[in-house]
Amino acid sequence: MQSKVTATGRSTPSLPDIQWQNYIVYIFFVVVLGFFAVMIGDKGFLSVTNLFNIARTTAMITVIAVAMTFIISAGELDLSVGSTTALAALICALVMQAGYPWPLAVVAAIASGLAVGCLNGVFVTMIGIPSFLVTLGMMQFIRGLDMRVTYTNPISISNQTYNGIFGSGYVFGVPSLLIWSVVIALLGHVVLKYTGFGREILATGGNRQAAEYSGIKTRRVKFYAFLLSGAAAALAGMLYAGMMQTARFNFGEGAELMAIAAVILGGTSLFGGKGTILGTFAGSLLIGTINNGLIIMGLDVSEQMMISGAIIIVAVAFGKKPGA
Amino acid sequence: MSSPFLQMTHIGKSFGNIPVLRRVSFDLQKAEVHALMGGNGAGKSTLMKILTGVYTKDTGTISIDGQTVDITDTAASERAGIAMIFQEFSLVPTLTVAQNIWLGREPRLPGTPFINNAAMVRQSRLILQELGVDIDPEALVGSLPVGFMQIVEIAKALSKQARILVMDEPTSSLSEAETEALFDLVRKLKSSGISIVYISHRMAEILTICDRVTVMRDGETVMTEPCAGLSVARIVEAMLGAGHTASFEWQDRGDRPAVPPILHVRNLRLASRVQDVSFDIRPGEIVGLAGLMGSGRTEIAETIFGRRTAVSGEVIFDGQPLRGQADAIDRGIALVPEDRRKMGLVLDHSVRDNVLLPNLARFTRHFFVRDAEALSTVTQTIRDLKIKTDGPDKLSRLLSGGNQQKIVLGKWLARDPRLLILDEPTIGVDIGAKSEIVATVRAMADRGMAVLVISSELEELMAISDRILVLHGGRITQDLNRRTVASEEELHHAIQGHGHRAVDAIPA
Ligand SMILES: Nc1ncnc2c1ncn2[C@@H]1O[C@H](COP(=O)(O)OP(=O)(O)OP(=O)(O)O)[C@@H](O)[C@H]1O
Ligand SMILES: [Mg+2]
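Residues numbered from 1 in each chain as written. Chains lettered and ligands numbered in written order. Predicted model: local features only at pLDDT ≥ 70, side-chain atom pairs only at ≥ 80, totals over all residues. Heavy atoms only, no water.

1. A word on the overall build of chain A
Link 1 in the chain: Each helix and strand counted, chain A has 13 helices and four strands in total.
Link 2 in the chain: At 20 Å, chain A has a C-alpha radius of gyration in line with the 20 Å of a compact globule built from 324 residues.
Link 3 in the chain: Reported as C-alpha extents along the three principal axes, the dimensions of chain A are approximately 65 × 55 × 35 Å.
Link 4 in the chain: Residue burial in chain A is summarised as follows: out of 324 residues, 51% are buried.
Link 5 in the chain: Looking at chain A alone, contacts between residues at least 24 apart form 77% of all its contacts between residues at least 6 apart. (Helix = DSSP H or I, 4+ residues; strand = E, 2+ residues; numbered from the N terminus. Rg over C-alpha atoms; globule rule 2.2 N^0.38 Å. Buried < 20%, exposed > 50% of the residue type's maximum accessible area, 1.4 Å probe, protein only. Contact = heavy atoms within 4.5 Å.)

Encoded structure:
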């Protein structure tokens, strides 16, 4: 994945050597879409309802994966996002259950995500523990906390305004979850690609020492990335809660791994320094489409898991550049 | 001359559609030390990477001992008896010397899959003895000084029965003593019949150690001649083209008028080596800092730049003490660090992104980076420093060593610093570019930039400095007006700690 793109001279008239490996996620997406269209197009795979369904079910992973792209591009990892989604969902539901207005619940939920991100950031950047370990521990801890908060009881959300905005509603016939994921992905894309912060993230992940010698405050940059990740996980949790109209302690189990898979499928380097949000978005949709198609084909969960796992490995293998 | 041992004929190589080598021919006699020279990006490393199987050639033939050989990969090259001492060492620091030498080829206990550790150590000791060096085969490589690592690399090559050894800029990170030791080794290898290709930008070295010189320019060989009787001027002319000269003359820039110093370093004491260092630099002044490798020059530079904190003493810039690196950068201090790959560049990012990195704030408005605006600065930098790249978007990893160094210099010069600290600024830079860098730095100093230069190349210090500070035993032992330093030898003596002269009073 470390391998290089050869820049071609502007002056040379012949064909630029396009690095198709950079577009592997889009190619796979089209291939998978085409395959299912042929196989199960008549079973409703291509119906607008089903396509919207894919978008709805992938929204949470997309939101988490967008932030995960920042984390991975900065050369770190965040495994705590899955359990954080449940924490935020539960807090959000509890605050509304206690009779407070929904905006307050949203603020509380985001705050819980920021708090987790802040803790991760402190341990990684100030105490210097590798993020893999910090967030692995945090993942356990928060999941335990999730179970403790309501003694594993689900909490239903009856506020229909909330549910409409965060998950169940439609705007001009487009599901709000799709709008959320598109907006978040576009926002992430713009920030990573066009802002100073984005450049600092990539430089930090590309060569931390060189970035520091250039005056980049790499610890601060990483800290912000963890805050971002925590907040995104909280948003994902609220979206999930809004879609289910309830909050449960086991929300987001395995979401961290799905998100990482989406990020790497999209073409972001696992070693940092190179990241693409559009790729991540496509990666997330690809995973969602595969799962959806396999369900419609009537495969059971065990077969679905085996096939989608295999496809992820194959896609990443194709995306690997020769010699890397 | 007898027919050559190695013959490379009409070698051609393009990356994408950019030709890097066009019909290059190169030959090597048995037991010859053959220098390969040329400007940055001329294609020296590429040619040698073709010989060692890292790249495959597009056209041409390679023959050894009269037999055409087909070098398709590194293993084939190894079988043909070719070994390369890489500039970025390819040793595993956490393994022992013996383990590194035999990595992947460990001797086994007869009839078993188990590694015969004793034999491995014994054979390593033999090779190291043959080389006449005292290195414990059971020491961890990570604990060795750089000079020794290189010797381990050579031992590794010999253990593979190499007959041709390629050394790409082997001395660039070696101290003077280590360089001497390396030269002894080269002579020893030569007398045992091994042929050596020696790439370097240091003229003096070439003329000392080599039998013949081949010069490349823009992917072509332009000269091959015996070293005896060859002048530096001839080589430089071949490298740069007729009519070009690289001037390395010192220019007397006169004494600074009564401007107050912009930098005061007072009684600096650092955790390592540096005991008590004080000096001043005035705007427009170029000050050289001379000293042995490991004397603490880099540590002083990093302290001024705010990357290290002093045990005691202070650094005052423009009347105010410095508070850390961010403050130093904000107030116009720049540091070109000594190791470009580790500290200077994000190798996987483009030339553009690397030049922009320390300048991001200047081109960022309301969070957004003004790429279009920034691009003109980047192209300006590429033009000013004559960085050889296909364009601003080329990955810096793909540039030749000397051009990478120019990016690091360029990214700081683009900030128009008030104090520029250069730590070994011309490692791996060709002689033409070296004199250009000297000229650029001088021009910026003329406009009021203060400069502190650290260099192990005395010739360079002598060429650029108005004043030379000698660091010895943790103190500034001499403060020499360049005008009073007659020769490199004199400076050399001062650095070794001989012949203390009273600290010259510099007319203010
Ligand atoms: N893998 C690659 N892809 C594209 N271009 C390359 C690649 N490797 C080298 N080049 C280009 O080929 C040219 C020759 O590079 P090379 O490293 O051989 O120069 P060199 O003579 O060793 O220079 P230096 O003295 O600076 O080390 C350079 O312009 C470089 O940018
Ligand atoms: Mg080179």
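2. So, the overall build of chain B
Link 1 in the chain: When helices and strands are counted, chain B shows 18 helices and 22 strands.
Link 2 in the chain: Against the globule reference of 23 Å for 508 residues, chain B gives a C-alpha radius of gyration of 24 Å, in line with a compact fold.
Link 3 in the chain: Projecting the C-alpha coordinates of chain B onto the three principal axes gives extents of approximately 75 × 50 × 50 Å.
Link 4 in the chain: Scored against the burial criterion, the 508 residues of chain B give a buried share of 54%.
Link 5 in the chain: By sequence separation, contacts in chain B at least 24 residues apart represent 67% of the contacts at least 6 residues apart.
Link 6 in the chain: Accessible surface computed for chain B: about 20,900 Å², of which carbon and sulfur atoms make up 51%.
Link 7 in the chain: A gap of 3 Å separates the mean positions of the 57 positive and 62 negative side-chain charges of chain B. (Areas by Shrake-Rupley, 256 points an atom, 1.4 Å probe, with all protein chains shown as cover. Lys, Arg positive; Asp, Glu negative; His and termini not counted. Charge placed at Lys NZ, Arg CZ, Asp CG, Glu CD.)

3. Points about the packing of aromatic side chains
Link 1 in the chain: In this structure the tally under the stated criterion is twelve aromatic pairs over all chains.
Link 2 in the chain: For the pair A:F36 and A:F45, a centre-to-centre distance of 5.4 Å together with 50 degrees between the ring planes defines the contact as tilted. Taken as a pair, A:F36 and A:F45 share a single burial class, namely buried.
Link 3 in the chain: Ring centres of A:F166 and A:W180 lie 5.3 Å apart, and the angle between their planes is 20 degrees; this geometry places the pair in the stacked category. Placement of the pair is A:F166 in helix α6 (residues 160-168) and A:W180 in helix α7 (residues 176-194), with a sequence separation of 14 residues.
Link 4 in the chain: Given a relative accessible area of 5%, A:F166 falls into the buried group.
Link 5 in the chain: In this structure A:W180 comes out as partly exposed when scored by relative accessible area, which is 23%.
Link 6 in the chain: Through a chain of ring-to-ring contacts, the aromatic side chains of A:W102, A:Y162, A:F166 and A:W180 assemble into a single cluster.
Link 7 in the chain: Lying across the ring of A:Y213, B:R307 places its NZ or CZ 4.3 Å from the centre. (Phe/Tyr/Trp six-rings, centres within 6.5 Å; stacked < 30°, edge-to-face > 60°. Lys NZ or Arg CZ within 6 Å of the ring centre and 35° of its normal.)

4. Describing the interface of chain A and chain B
Link 1 in the chain: The interface of chain A with chain B comprises 32 residues on the first partner and 37 residues on the second.
Link 2 in the chain: Taken together, the links from chain A to chain B amount to two salt bridges.
Link 3 in the chain: The salt bridge partner of A:R199 is B:D371, with a shortest N-O separation of 2.7 Å.
Link 4 in the chain: Counting every contact that joins chain A to chain B gives eleven residue pairs in polar contact (both at pLDDT 80 or more).
Link 5 in the chain: At the level of elements, α7, α8 (196-206) and α9 (208-213) of chain A are the ones that each hand at least two residues to the side of chain A that touches chain B.
Link 6 in the chain: Along the lines of polarity and charge, the residues of the side of chain A that touches chain B split into eleven nonpolar, 14 polar and seven charged. (Salt bridge = Lys/Arg side-chain N within 4 Å of Asp/Glu carboxyl O. Polar contact = N/O pair within 3.5 Å; in protein donor to acceptor, adjacent residues only side chain to side chain. Nonpolar A, V, L, I, M, F, W, Y, C, P; charged D, E, K, R; others polar.)

5. Considerations on the sheet that holds strand β2 (residues 18-28) of chain B
Residues and elements named next belong to chain B.
Link 1 in the chain: The strand order β2-β1-β4-β5 describes an open sheet built from four strands, whose pairing is antiparallel. Lying at the two open borders of the sheet, with one neighbouring strand each, are β2 and β5 (67-69). Neighbour to neighbour, the strand axes of the sheet diverge by 30 degrees on average, direction disregarded.
Link 2 in the chain: Examined bridge by bridge, strand β1 (residues 6-15) and strand β4 (residues 59-64) share five bridges and lie antiparallel to one another. Each residue of the ladder has a partner; that of Q7, found in β4, is S63. (Pairing = 2+ DSSP bridges. Axes fitted to C-alpha atoms, helices over the stretch in contact; angles between N-to-C directions.)

6. Observations regarding helix α12 (residues 277-296) of chain A
Residue and element names in this part refer to chain A.
Link 1 in the chain: Over its 20 residues, α12 runs 29 Å from end to end, which matches the ideal 28 Å to within 8%, given 1.5 Å per residue.
Link 2 in the chain: Of all 20 residues in α12, 16 are buried; the element is thus mostly enclosed.
Link 3 in the chain: The residue sitting at the N-terminus of α12 and contributing the capping side-chain oxygen is T276; that oxygen lies 2.9 Å from the backbone nitrogen of G279.
Link 4 in the chain: Directly after α12, the chain includes G298, whose backbone phi takes a positive value near 90 degrees. (Expected span 1.5 Å × (residues − 1).)

7. Quick notes on the confidence of the model for chain A
Link 1 in the chain: A residue-level look at chain A finds 93% of positions with pLDDT of 70 or above and a mean pLDDT of 90.
Link 2 in the chain: Across residues 1-16 of chain A, confidence stays below pLDDT 50; counting only partners more than four residues off in sequence or on other chains, it has 38 contacts. (pLDDT = per-residue confidence, 0-100.)

8. Observations concerning the site of ligand 1
Residue and element names in this part refer to chain B.
Link 1 in the chain: Around ligand 1 lies a shell of 19 residues, among which N40, G41, K44, S45 and T46 are the nearest.
Link 2 in the chain: Here a nitrogen atom of ligand 1 and a side-chain polar atom of K394 are 3.0 Å apart.
Link 3 in the chain: Residue composition of the shell around ligand 1, by class: six nonpolar, ten polar and three charged. (Near = heavy atom within 4 Å.)

9. Observations regarding the environment of B:E178
Link 1 in the chain: Secondary-structure assignment places B:E178 in helix α6 (residues 176-191).
Link 2 in the chain: A sequence separation of 32 residues divides B:E178 from B:V146, and the C-alpha atoms of the two residues are 8.7 Å apart.

10. Brief notes about unusual backbone geometry
Link 1 in the chain: A positive phi is found at A:Q245, a non-glycine position, where the angle reads about 55 degrees.
Link 2 in the chain: Looking at where A:Q245 falls in the secondary structure, it is placed in the loop between α10 (218-244) and β4 (246-247).
Link 3 in the chain: According to the relative accessible area criterion, A:Q245 is partly exposed, its value standing at 29%.
Link 4 in the chain: Non-glycine residue B:D318 carries a positive phi angle of around 55 degrees.
Link 5 in the chain: On the basis of relative accessible area, B:D318 is assigned to the partly exposed category, the value being 41%.

11. Topic: the pattern of salt bridges
All names here are of chain B.
Link 1 in the chain: If you walk through the whole model with that rule in mind, you get 35 salt bridges over all chains.
Link 2 in the chain: Measuring nitrogen to oxygen at the nearest pair gives 3.2 Å for the salt bridge that ties D184 to R187. Taken together, the residues D184 and R187, both in helix α6 and three residues apart, mark about one turn of the helix.
Link 3 in the chain: Overlapping salt bridges, with partners in common, bring together R202, E205, K434 and E457 in one network.

12. Section: the side chain of A:D146
Link 1 in the chain: Tracing the backbone through its elements, the reader meets A:D146 in helix α5 (residues 131-149).
Link 2 in the chain: With residues near it in sequence (within four places) discarded, A:D146 still touches A:S83, A:A86, A:L87, A:L90 and A:F249.

13. Observations regarding the sheet that holds strand β20 (residues 450-454) of chain B
Residues and elements named next belong to chain B.
Link 1 in the chain: Reading across from one edge, β16-β19-β20-β13-β21-β22 is the order of the six strands in this open sheet, with mixed pairing throughout. Here the strands that pair on one side only, and so sit at the sheet edges, are β16 (333-336) and β22 (475-481). Sheet twist, expressed as the average angle between the axes of neighbouring strands with direction ignored, equals 20 degrees.
Link 2 in the chain: Sheet analysis places strand β13 (residues 286-291) next to β20, joined by four bridges and oriented parallel. For V287, the partnering residue across the bridge sits in β20 and is L452.
Link 3 in the chain: In the packing of helix α18 (residues 488-496) onto the sheet, the strands contacted are β13, β21 (467-472) and β22, and the crossing angle to β21 comes to about 30 degrees.

14. Some thoughts on the state of the cysteines
Residues and elements named next belong to chain B.
Link 1 in the chain: Within the structure shown, the criterion is met by zero disulfides over all chains.
Link 2 in the chain: Unpaired in this structure, C227 has its nearest cysteine sulfur neighbour in C210, at a distance of 5.5 Å.
Link 3 in the chain: In this structure C227 comes out as buried when scored by relative accessible area, which is 7%. (Disulfide = S-S within 2.5 Å.)

15. Describing the pairing of strand β19 (residues 419-423) of chain B
Residue and element names in this part refer to chain B.
Link 1 in the chain: The element β19 is largely enclosed, with a buried count of five among its five residues.
Link 2 in the chain: Residues L419, I421 and D423 point to one face of β19 and L420 and L422 to the other, with burial holding for every one of them.
Link 3 in the chain: Here β16 runs beside β19; their pairing, made up of four bridges, is parallel. By the bridge assignment, V336 is partnered in β19 with L422.
Link 4 in the chain: Relative to β20, β19 runs parallel, the two sharing five bridges.

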